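# Survey of secondary and tertiary structure
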Amino acid sequence: KAGVTQTPRYLIKTRGQQVTLSCSPISGHRSVSWYQQTPGQGLQFLFEYFSETQRNKGNFPGRFSGRQFSNSRSEMNVSTLELGDSALYLCASSLEAGPTEAFFGQGTRLTVV
Amino acid sequence: AQSVTQLDSHVSVSEGTPVLLRCNYSSSYSPSLFWYVQHPNKGLQLLLKYTSAATLVKGINGFEAEFKKSETSFHLTKPSAHMSDAAEYFCVVVGPGNTGKLIFGQGTTLQVKP
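First, a word on scope: everything that follows refers to the structure included in this document. Just so it is clear, the model here is predicted, and its values are computed rather than measured.

## Some words on the interface of chain B and chain A
Accessible area lost when the parts come together is the quantity often used to give the size of an interface. Listed per partner, the contact involves 18 residues of chain B and 22 residues of chain A. Between chain B and chain A, roughly 1,700 Å² of surface is buried when both sides are summed, and carbon and sulfur atoms account for 52% of that area. For the pair chain B and chain A, the interface holds 1 salt bridge. In this structure, the salt-bridge partner of E101(A) is K49(B), at a minimum N-O distance of 2.3 Å. The interface formed by chain B and chain A contains 5 residue pairs in polar contact (both at pLDDT 80 or more). At the level of secondary structure, the elements contributing two or more residues to the side of chain B that touches chain A comprise β5 (33-38), β6 (44-50), β10 (87-94) and β11 (102-104) of chain B. Classifying every residue of the side of chain B that touches chain A gives 8 nonpolar, 7 polar and 3 charged.

## With respect to the pattern of salt bridges
Residue and element names in this part refer to chain A. Counted under the stated rule, the structure contains 10 salt bridges over all chains. Two residues, R67 and E75, come together in a salt bridge whose shortest N-O distance is 3.3 Å. On the accessibility criterion, R67 (47% relative accessible area) is partly exposed. We classify E75 as buried; its relative accessible area is 16%. Salt bridges here are not isolated pairs; linked through shared partners, they connect R63, E82 and D85.

## Looking at the state of the cysteines
Residue and element names in this part refer to chain A. Following the criterion strictly, the structure yields 2 disulfides over all chains and no others. Residue pairing for C23: its cysteine sulfur links by disulfide to C91, the two sulfurs lying 1.8 Å apart. Its S-S torsion of about -60° marks the bond between C23 and C91 as left-handed, since a negative value means left-handed. Of the two residues, C23 sits in strand β3 (residues 19-24) while C91 sits in strand β9 (residues 87-94), which places them 68 residues apart along the sequence.

Scoring rules and cut-offs
- Residues numbered from 1 in each chain as written.
- Chains lettered and ligands numbered in written order.
- Predicted model: local features only at pLDDT ≥ 70, side-chain atom pairs only at ≥ 80, totals over all residues.
- Heavy atoms only, no water.
- Contact = heavy atoms within 4.5 Å.
- Buried area = accessible area lost by both parts, 1.4 Å probe.
- Salt bridge = Lys/Arg side-chain N within 4 Å of Asp/Glu carboxyl O.
- Polar contact = N/O pair within 3.5 Å; in protein donor to acceptor, adjacent residues only side chain to side chain.
- Helix = DSSP H or I, 4+ residues; strand = E, 2+ residues; numbered from the N terminus.
- Nonpolar A, V, L, I, M, F, W, Y, C, P; charged D, E, K, R; others polar.
- Buried < 20%, exposed > 50% of the residue type's maximum accessible area, 1.4 Å probe, protein only.
- Disulfide = S-S within 2.5 Å.

In structure tokens form, the structure reads like this:
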């Protein structure tokens, strides 16, 4: 069974640009969550999607957005990139919504210059 | 509010000696708790989970953790460290409500010396 797949693995963008990251969950999993990992702030929750609906959103500015498609694949978008957005973005998939174990992808390393 | 505190940012052990990574949690109700491990340049791997069944939870690679409500602790242990255990470890609690939001501790870096 394939794991969680995140693309691309690495990205370099310039300040002010926008970026879209993609996540394909484990087959059969319907819930996808996104996390940002930085050395200073650690791992922080961005959002949670289930059946194409956002169930939860973390404390991030509106420049961070996401969506989920009918096949459970998810994308997150960051507009007007800032240097501080440089981070490892991790996607996690779960079988169902709610408090259950999550399986993580290897992440997308975003560098903003 | 739910939170976790990992009491050590860095732990160093010799290969073959026991490992103890400490975690205290705060929760307004019976929590769901996890330990995840992250090897360099890799994603997070679930080591074990506690979901109000047995208080002693066994995980992968010889790790186990004991849920102690009276001490609000969920420490991770392993009897004998292996070089491949060197990684960062995260104690995690599920956020409030019927949510999949995970709240992470700040992490403990485990160094294993030969």
